[in-house]
Amino acid sequence: MNKSIDDILWITLCAGLVFLMQAGFMCLEAGVTRRKNNINVAMKNLADFGVSTLIFWLFGFALMFGASAGGWFGRSDFAPNLDFQDPFRDAFVVFQIMFCGTAATILAGAVAERMRFHSYLLIMVLIAGFSYPIFGHWAWAGLAQNEPVGWLARQGFVDFAGSTVVHSFGGWTSLAALLILGPRMGRFPKDGLPRRMQGADIPLATLGTFILWFGWFGFNGGSTFAANGQIPTIIANTLLAGSGGLVAALLLGWRIRKTAAVDLSLNGVLAGLVAVTAGANAYSSLAAVIVGAIGGMVMVGCDIVLERLRIDDAVSAIPVHLGAGIWGTLAVALFGIPERLNTGLSFWNQLGVQGLGIVACGIWTFCVTYVALSIVNRFSPLRASPPDEEIGLNVSEHGATTDLLDLFMVMDRQSKTGDLSLRVPVEPSLRSVRSPGATTA
Amino acid sequence: MNKSIDDILWITLCAGLVFLMQAGFMCLEAGVTRRKNNINVAMKNLADFGVSTLIFWLFGFALMFGASAGGWFGRSDFAPNLDFQDPFRDAFVVFQIMFCGTAATILAGAVAERMRFHSYLLIMVLIAGFSYPIFGHWAWAGLAQNEPVGWLARQGFVDFAGSTVVHSFGGWTSLAALLILGPRMGRFPKDGLPRRMQGADIPLATLGTFILWFGWFGFNGGSTFAANGQIPTIIANTLLAGSGGLVAALLLGWRIRKTAAVDLSLNGVLAGLVAVTAGANAYSSLAAVIVGAIGGMVMVGCDIVLERLRIDDAVSAIPVHLGAGIWGTLAVALFGIPERLNTGLSFWNQLGVQGLGIVACGIWTFCVTYVALSIVNRFSPLRASPPDEEIGLNVSEHGATTDLLDLFMVMDRQSKTGDLSLRVPVEPSLRSVRSPGATTA
Amino acid sequence: MNKSIDDILWITLCAGLVFLMQAGFMCLEAGVTRRKNNINVAMKNLADFGVSTLIFWLFGFALMFGASAGGWFGRSDFAPNLDFQDPFRDAFVVFQIMFCGTAATILAGAVAERMRFHSYLLIMVLIAGFSYPIFGHWAWAGLAQNEPVGWLARQGFVDFAGSTVVHSFGGWTSLAALLILGPRMGRFPKDGLPRRMQGADIPLATLGTFILWFGWFGFNGGSTFAANGQIPTIIANTLLAGSGGLVAALLLGWRIRKTAAVDLSLNGVLAGLVAVTAGANAYSSLAAVIVGAIGGMVMVGCDIVLERLRIDDAVSAIPVHLGAGIWGTLAVALFGIPERLNTGLSFWNQLGVQGLGIVACGIWTFCVTYVALSIVNRFSPLRASPPDEEIGLNVSEHGATTDLLDLFMVMDRQSKTGDLSLRVPVEPSLRSVRSPGATTA
């Protein structure tokens, strides 16, 4: 491929930014889940990246971008040796590994607080080594060379940086897993209203949202595969859509909940970003704001629907990635400037093929995931046992308690037994020390 | 404008780094304020960016960089369509949106723990859509084209990356708001010494400082508007000044407080960075260290003065951004290499015009903000009610409690009633579980 | 030097990423140590960077890269004026300052929770101004000009981005300091098993690991000193080795500890990264995975050995940086593609000189550090007093308590005295407020 060093470094740099999105997801998900599970959430986000990187490098890249078998899957380039011969290819593989990591990790948040760690890692193998690259082949194979070979891309399906390929994919995977797993204990009490779980650390979750936004500049900006003049427009659209999603979700949430809702603000940004991703290179600035804002509102709506359906998505991954992802994929036909899309399709044909891509992704991803997880579930239960879920996955999966968790537990026992002599056992050094600030009332 | 793709990508990249400063401010401010307000602080930092982005895009950019009305304000380019036609212009707008976001968010920290959320967002509209771009026009309009048109710039005022335009501006805004708002409850007891509030999460605040420093490389490095050989020097000066500010504030604070003060160390870095910003492209390395170090000491001094004046700045935004900002603007005349400044002014004339810019910024920003906020305050009180402030803005503004906040409250009730059966209500799962580590003393 | 603006900006950008590693170390170390010391850990990580930056700029750079005195140390370019004359030189100095900061800060984690703050800063002066640049001269002086002048480099010693020069160096420094300091109170009880201290905030530590990984792309990617086609390969190797280290350490740890160990997963990534660093530009993709995976396993092994030797390394800095660093330096001879190394040495000669470098680094660094710290220790004790260590360095070194620390202390007193009227004193605002969620059981 005839690429300059500028192109190569730009893609490499953007791959780095997409990598950082892993940190963003980790912060967001560990911040909005409960303290007794936050170590497990963090570990899943770290370990899944290592696993998906190795598996996608071994198998996934070949299935997604190898020589095509009739537009259905690739069959060359297994375990590619990224070894100086073709710097652009090397950069491209790194970039795609990061994208796979993003698609894979979306699940972590949805199933948080109840899925077992090793089962989760098994699913990562399935995603990175099979379900993600196959659909990816349909939509993206050959695109970087301007020679689409996947059956879907050849119809004219447009998904610039992955509203469907990455985000809806992650949403469908999450939906299948959640239907098998069921809701967290106590989330939908039999005789009461749904209960929201308190996030352990909202500033950390907000940091995660900012990091994701930052990484998204590389996610969308690098999807040009070239260091060209489109990039500032793409970044501007990414910026405006995120802001649009934030403000729309904040205002709509304020109207519905009568307060400035934290979760909707954080997820509003992400929904705006997911929505603009499919056509970030084809929108006017105003269109980007609108697409993002509607993305934010779609997310709020999906959130309500999921709760009514008693599907328990711990971080609203489905409203953000599936809801706004579907919207964003349709928005390409509605708001994309035709000359930029350059598919030669009429408005209705473009809308139709966008719908086709959405349906194809849904059927493929949901079915494969549902079947595979059902089988796995027989042999290796996906869900933590009730006592393990109750005590929290930090302790049950990693033997990792914290001073705070111990404190909560000791206080709880105190309140039941009236025995104040129960102590937080892990910080003996504190026992003999007088607090510099403690006063007697 | 005759700009290469290298120039365009460099500005775009630096805009991304400036974006990340939003995350830095959020971490810093949520870390040094109290736990009962930290969610509110985080939400303000997220929401203000969305609002300021949309408003600056709609109105602010035009007022700041549109065709000039006599050097006083711009009047074209409202809601610019950032659409491939002029990649440099698109990148420039994105970069300026990020700068506006930085100037606007400085207020969030100063007024933390007592300003109502929706009033805060209203002020964001004022800043991003009016007060910031007007002063910005005076100092920066036309500079990227080497054709200054603002009345202040034409006098020879030099503010390379915004010690005054961004940082002092934010400081003046904060000062006006604080005089209207008044101090937090309990900060200046009638019959005692001023009381410092404990930060909820100092490691998070330290992370914020590092992120700000990192982002500042883009803040100063991108203000060249070109990918040129000045950049390493600018980055070096930014690095050395931050280090100088840190070490100077740490040592001076050690002498004053007899301990290695956390807040002064964090703010020392920022004061050094604010100080070097006005002339980062015009200093020798040694000058950069000195300018940063004096910036750190100015910050320490302002901190003491503010406390004596009983002005309660929750994160020392005024000492950092206004104090060090004024110093940094003067330092351009004192330490800047004349050929680099290239204004043709004598030493005293340069010093005079730097002073003029400082005064102009102060009068404009303080007066506009004070008047506007006074008016707003009549119709929509800026300050949370005493009970809301007492319970904390997390709960009162967002309905967002946390396990820890509940714990503190339950313990407090226990200590008043002696009733141990009060329980932390939100984690029922813990009730029936024996802590793996709990022991009986 | 004949360098393009692309080269210069690439190095500058990578320097920024290496800077961000400081934030990564801070998060990691503050996250895995105890709450009562986490502010001190954060402050050490911030302050050491300021000190090492100024000292390395003043003295270290000259000793490391100045005109060589017979290959043993440099003796020109003290306090270099980074002033536009030679942009590549300026960028190179900035990059090297960041590297020194990395090497220096490794110590902070190892000695956490017991070394006094000002003694720690004194050691930073020693490292940045003497021990690091001297060894660095031996291995790296002249390399950026392809004219190695250090005695070790001239033998053919290869350490691309610093498995030995940076990481093993930091490990040897840590080992010497730990032998003088001794273990934390309670870590090795006389009559019991070693006790692991609980990390205060594992999600923060995980964030730190991600940030370090991100920064490492610049650490290795910038060590080309040119914007060339090797970079994607180097990034790919860095990515694959980190993943290999993670997965290998996770699996090995699972086998040994029967659980998915948090510390080993975090450190597995870092060990993989340390290991690949010496030859990141000379490995095939498969070799990178293997080198990283073995690095992870070496780290697990060293961790066990250290515990048996009763050496108390608070964050496993020695297993990660020294253990994996030694392995990585040897791996260059075992797995490096000879044409890439381009030393002209036979396999056994290359292995020998790699070993020579390891031994030279060990003798120099350990001895200098041990002697210097022993002397310092006489006049200014390195170790906090037992009561200071007990109460925690947050309070004893910075007068910085937190609501949580106070809470633990009050609870502890309650449990000893049975007096519930002891209150957390610092949040009086909570006293009169009814928790919105508190219920009576």
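Residues numbered from 1 in each chain as written. Chains lettered and ligands numbered in written order. Predicted model: local features only at pLDDT ≥ 70, side-chain atom pairs only at ≥ 80, totals over all residues. Heavy atoms only, no water.

### Focus on the overall build of chain A
Working step 1: Looking only at helices and strands, chain A features 16 helices and 2 strands.
Working step 2: Computed over its C-alpha atoms, the radius of gyration of chain A comes to 23 Å, within 12% of the 22 Å expected for a compact globule of 441 residues.
Working step 3: Overall size of chain A, expressed as C-alpha extent along the three principal axes, is 75 × 50 × 45 Å.
Working step 4: Split by element, the accessible area of chain A, about 12,700 Å² in all, is 61% carbon and sulfur.
Working step 5: The averaged location of the 28 negative side-chain charges in chain A is 9 Å from the averaged location of its 28 positive side-chain charges. (Helix = DSSP H or I, 4+ residues; strand = E, 2+ residues; numbered from the N terminus. Rg over C-alpha atoms; globule rule 2.2 N^0.38 Å. Areas by Shrake-Rupley, 256 points an atom, 1.4 Å probe, with all protein chains shown as cover. Lys, Arg positive; Asp, Glu negative; His and termini not counted. Charge placed at Lys NZ, Arg CZ, Asp CG, Glu CD.)

### Here's the deal with the nonpolar core
Working step 1: Ranked by internal contacts, the top residues of the largest apolar core, which has 460 residues, are Y132 and L207 of chain A, Y132 and L207 of chain B together with Y132 and L207 of chain C.
Working step 2: Ignoring sequence-local partners within four residues, the contact set of Y132 of chain C consists of F56, M64, F99, C100, A103, I127, W140, V165, V166 and F169 of chain C.
Working step 3: One finds L407 and F408 of chain A, F408 of chain B together with F408 of chain C within the second-largest nonpolar core, a separate group that totals 12 residues. (Core = buried A, V, L, I, M, F, W, Y, C linked by side-chain atoms within 4.5 Å. Buried < 20%, exposed > 50% of the residue type's maximum accessible area, 1.4 Å probe, protein only. Contact = heavy atoms within 4.5 Å.)

### A short note on unusual backbone geometry
Working step 1: For K258 of chain B, which is not glycine, the phi dihedral falls at a positive 60 degrees.
Working step 2: Here K258 of chain B shows up in the loop between α8 (231–257) and α9 (262–277).
Working step 3: Using a relative accessible area of 67% as the deciding quantity, one classes K258 of chain B as exposed.
Working step 4: One non-glycine residue with positive phi stands out, namely N342 of chain C, at about 55 degrees.
Working step 5: Counting through the fold element by element, N342 of chain C comes out in the loop between α12 (338–341) and α13 (347–379).
Working step 6: For N342 of chain C, a relative accessible area of 65% gives the class exposed.

### Digging into the pattern of salt bridges
Working step 1: Going through the model one piece at a time under the given rule, you end up with 43 salt bridges over all chains.
Working step 2: R383 of chain A is paired through a salt bridge with E389 of chain A; the nearest N and O atoms lie 2.8 Å apart.
Working step 3: Note that R89 of chain B and D90 of chain B form a salt bridge whose closest N and O atoms lie 3.9 Å from each other. (Salt bridge = Lys/Arg side-chain N within 4 Å of Asp/Glu carboxyl O.)

### As for the side chain of S52 of chain C
All names here are of chain C.
Working step 1: Here S52 lies in helix α2 (residues 38–65).
Working step 2: A distance of 3.4 Å separates the side chain of S52 from the backbone oxygen of F49, its partner in a polar contact.
Working step 3: Once residues lying within four places of it in the same chain are set aside, the contact partners of S52 are G101, A104 and A128. (Polar contact = N/O pair within 3.5 Å; in protein donor to acceptor, adjacent residues only side chain to side chain.)

### Some details on the environment of L9 of chain C
Working step 1: By the element assignment, L9 of chain C lies in helix α1 (residues 5–32).
Working step 2: Between the C-alpha atoms of L9 of chain C and R89 of chain C, which are 80 residues apart in sequence, the distance is 12 Å.
Working step 3: In this structure, L9 of chain C is in contact with W10, A227, N228 and I231 of chain B, ignoring residues within four places of it in sequence.

### Observations regarding a nonpolar patch on the surface
All names here are of chain A.
Working step 1: A grouping of L58, F59 and F78 is seen on the molecular surface, where their side chains present a nonpolar patch of about 260 Å² in accessible area.
Working step 2: Secondary-structure assignment places F78 in the loop between α2 (38–65) and α3 (87–110).
Working step 3: Given the relative accessible area of 41%, F78 is considered partly exposed. (Patch = residues over 30% accessible without salt bridge, like charges linked within 9 Å, V, L, I, M, F, W, Y side chains within 5 Å.)

### Description of the packing of helix α9 (residues 262–277) of chain A against helix α2 (residues 38–65) of chain B
Working step 1: Remark: α9 of chain A packs on α2 of chain B, axes separated minimally by 11 Å, with the N-to-C direction vectors making an angle of 30 degrees. Looking at the two axes, α9 of chain A sits roughly parallel to α2 of chain B. Helix-helix and strand crossings are classified by hand; for α9 of chain A and α2 of chain B the assignment is left-handed. Taking contact as the criterion, the partners of V262, S265, L266 and V269 of chain A in α9 of chain A are, on α2 of chain B, I39, M43 and L46 of chain B.
Working step 2: Tallied by class, the residues present in the contact of α9 of chain A with α2 of chain B amount to 6 nonpolar, 1 polar and no charged. (Axes fitted to C-alpha atoms, helices over the stretch in contact; angles between N-to-C directions. Parallel < 35°, antiparallel > 145°, perpendicular 65-115°, else oblique. Left-handed = near helix turned anticlockwise from the far one by under 90°. Nonpolar A, V, L, I, M, F, W, Y, C, P; charged D, E, K, R; others polar.)

### Points about the environment of G71 of chain B
Residues and elements named next belong to chain B.
Working step 1: Structurally, G71 is set in the loop between α2 and α3 (87–110).
Working step 2: It is 7.3 Å that separates the C-alpha atoms of G71 and H137, two residues lying 66 residues apart in sequence.
Working step 3: The contact partners of G71, leaving out residues within four places of it in the chain, are H137, W138, V149, G150, W151 and R154.

### Quick word on the packing of aromatic side chains
Working step 1: In total, this model carries 84 aromatic pairs over all chains according to the counting rule given.
Working step 2: Judged by centre distance (5.2 Å) and plane angle (85 degrees), the rings of F19 of chain A and F217 of chain C are edge-to-face. Taken together, the residues span two chains, with F19 of chain A in helix α1 (residues 5–32) and F217 of chain C in helix α7 (residues 202–221).
Working step 3: F19 of chain A gets classed as buried once you look at its relative accessible area, which sits at 1%.
Working step 4: What makes F217 of chain C buried here is its relative accessible area of 5%.
Working step 5: Geometry around Y120 of chain A places K44 of chain A over its ring, the cationic atom sitting 5.7 Å from the centre.
Working step 6: One Lys or Arg, R340 of chain A, reaches over the ring of F84 of chain B and ends 3.7 Å from the middle of that ring. (Phe/Tyr/Trp six-rings, centres within 6.5 Å; stacked < 30°, edge-to-face > 60°. Lys NZ or Arg CZ within 6 Å of the ring centre and 35° of its normal.)

### Here's the deal with helix α3 (residues 87–110) of chain C
Given 3.6 residues to a turn, an α-helix orients residues that are three or four positions apart in the same direction.
Working step 1: Across its 24 residues, α3 of chain C extends 37 Å between first and last C-alpha, which sits within 8% of the 34 Å expected from 1.5 Å per residue.
Working step 2: Of all 24 residues that make up α3 of chain C, 23 are buried, and the element is covered over most of its length. (Expected span 1.5 Å × (residues − 1).)

### Some points on the confidence of the model for chain A
Residues and elements named next belong to chain A.
Working step 1: Mean pLDDT over chain A stands at 92; residues scoring 70 or higher make up 94%.
Working step 2: Confidence drops under a pLDDT of 50 for residues 425–441, and excluding neighbours within four residues, the segment shows 47 contacts in the predicted structure.
Working step 3: If you check the scores for this complex, the pTM reads 0.95 and the ipTM reads 0.94. (pLDDT = per-residue confidence, 0-100.)

### Overview of the packing of helix α4 (residues 117–140) of chain B against helix α13 (residues 347–379) of chain B
Residue and element names in this part refer to chain B.
Working step 1: Running from N to C, α4 and α13 cross one another at 155 degrees; their axes reach a closest spacing of 11 Å. One way to sum up the angle between α4 and α13 is to call them roughly antiparallel. α4 and α13 meet at a crossing whose hand is right-handed. When α4 is examined against α13, the residues L122, I123, L126, F130, S131, I134, F135 and W138 are found in contact with a partner set consisting of G357, A360, C361, W364, V368, A372, L373 and V376.
Working step 2: Among the residues making up the contact of α4 with α13, the classes are represented as 14 nonpolar, 2 polar and no charged.

### Topic: the environment of S316 of chain C
All names here are of chain C.
Working step 1: Note on placement: S316 falls in the loop between α10 (285–308) and α11 (317–335).
Working step 2: Given the relative accessible area of 10%, S316 is considered buried.
Working step 3: Once residues within four sequence positions are removed from consideration, S316 is found in contact with N267 and D303.

### Digging into the state of the cysteines
Working step 1: In total, this model carries 0 disulfides over all chains according to the counting rule given.
Working step 2: Not engaged in a disulfide, the cysteine C367 of chain A finds its nearest cysteine sulfur in C361 of chain A; these two sulfurs lie 11 Å apart. (Disulfide = S-S within 2.5 Å.)

### Thoughts on the side chain of S168 of chain C
All names here are of chain C.
Working step 1: Mapping S168 onto the fold places it in helix α6 (residues 163–181).
Working step 2: Given a relative accessible area of 1%, S168 falls into the buried group.
Working step 3: Contact partners of S168, with chain neighbours within four places excluded, come to S163, H321, L322, G325 and I326.

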